[in-house]
Amino acid sequence: MPIQRLRIEKRYSEIVIHNGTVYLAGQLADDYAGDIREQTRQTLANIDRFLAEAGSDKSKILSVTIYLKDIAADYAGLNEVYDTWVAEGAAPARACVEATLYDPRVLVEMTVVAAQN
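We now turn to the structure provided with this report.

Cut-offs and rules
Residues numbered from 1 in each chain as written. Predicted model: local features only at pLDDT ≥ 70, side-chain atom pairs only at ≥ 80, totals over all residues. Heavy atoms only, no water. Phe/Tyr/Trp six-rings, centres within 6.5 Å; stacked < 30°, edge-to-face > 60°. Helix = DSSP H or I, 4+ residues; strand = E, 2+ residues; numbered from the N terminus. Buried < 20%, exposed > 50% of the residue type's maximum accessible area, 1.4 Å probe, protein only. Lys NZ or Arg CZ within 6 Å of the ring centre and 35° of its normal. Pairing = 2+ DSSP bridges. Axes fitted to C-alpha atoms, helices over the stretch in contact; angles between N-to-C directions. Expected span 1.5 Å × (residues − 1). Contact = heavy atoms within 4.5 Å. Polar contact = N/O pair within 3.5 Å; in protein donor to acceptor, adjacent residues only side chain to side chain.

1. Section: the packing of aromatic side chains
Enumeration according to the criterion identifies two aromatic pairs in this entry. Relative to Tyr102, the ring of Tyr32 has its centre 6.5 Å away and its plane inclined at 80°; by these criteria the two rings are edge-to-face. Taken together, the residues span a long stretch of sequence, with Tyr32 in the loop between β3 (21-27) and α1 (36-53) and Tyr102 in the loop between β5 (93-98) and β6 (108-115) at a distance of 70 residues. Arranged with centres 5.8 Å apart and planes meeting at 50°, the rings of Tyr82 and Trp85 form a pair that is tilted. You can see Tyr82 and its partner Trp85 sitting in helix α2 (residues 71-85), three residues apart, about one turn around the helix. Relative accessible area serves as the criterion here: at 11%, Trp85 is assigned to the buried category. One Lys or Arg, Arg49, reaches over the ring of Phe50 and ends 4.7 Å from the middle of that ring.

What follows is the structure, given as structure tokens:
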């Protein structure tokens, strides 16, 4: 089965598809000026967009890993937005960890693995 790579950058591909599984690179907000709720909304919108491009959607997410700059300060705000976004009855496996992110303005980053169809 071939590997399909979409939105290829120098160091990574935003989307990789293999054997009916979609892998998304770390997704971020488009604007780092927002608070955790706004950055989470934007990040989830990007995930929706990339999953659609790969022939999938949020109801087919198998796992999501969430990286927070400050888990104590931002966990509740993240969940406030995430809980309204996640597909009812299709909550994926999830891990949420605190991490130093590549830009100090980034509050949240998410990686996703999903079924394609």
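So, next bit.
2. A word on the sheet that holds strand β4 (residues 61-68)
Across the sheet, which stays open at both edges, the six strands sit in the order β1-β2-β3-β6-β4-β5 with mixed pairing between neighbours. Among the strands making up the open sheet, the edge pair consists of β1 (3-8) and β5. Shown here is a sheet whose adjacent strand axes are inclined to one another by a mean of 10°, direction ignored. Strand direction decides the pairing type here: β4 and β6, joined by seven bridges, are antiparallel. Across the sheet, the residue bridging to Ile66 is Met110, located in β6.

3. Describing the pairing of strand β2 (residues 13-18)
Taking burial as the measure, the six residues of β2 include five buried ones, the bulk of the element. Strand direction decides the pairing type here: β1 and β2, joined by five bridges, are antiparallel. Note on β2: the bridge partner recorded for Ile8 is Ser13. What sits between β1 and β2 in their antiparallel hairpin is a turn of four residues. The pairing of β2 with β3 spans four bridges and is classified as antiparallel. Counted as the bridge partner of Ile17 is Val22 from β3.

4. Brief notes about α1
An ideal rise of 1.5 Å per residue puts 26 Å on 18 residues; α1 measures up with 26 Å between its terminal C-alpha atoms. Of the positions making up α1, those classed as buried are Ile36, Gln39, Thr40, Gln42, Thr43, Leu44, Asn46, Ile47, Phe50 and Leu51. Packing partners of the buried residues in α1 comprise β1, β2, β3, β4, α2 and β6. Sitting at the head of α1, Asp35 places a side-chain oxygen 3.1 Å from the backbone nitrogen of Arg37. Among the residues trailing α1, Gly55 stands out with phi positive, at a value near 80°.

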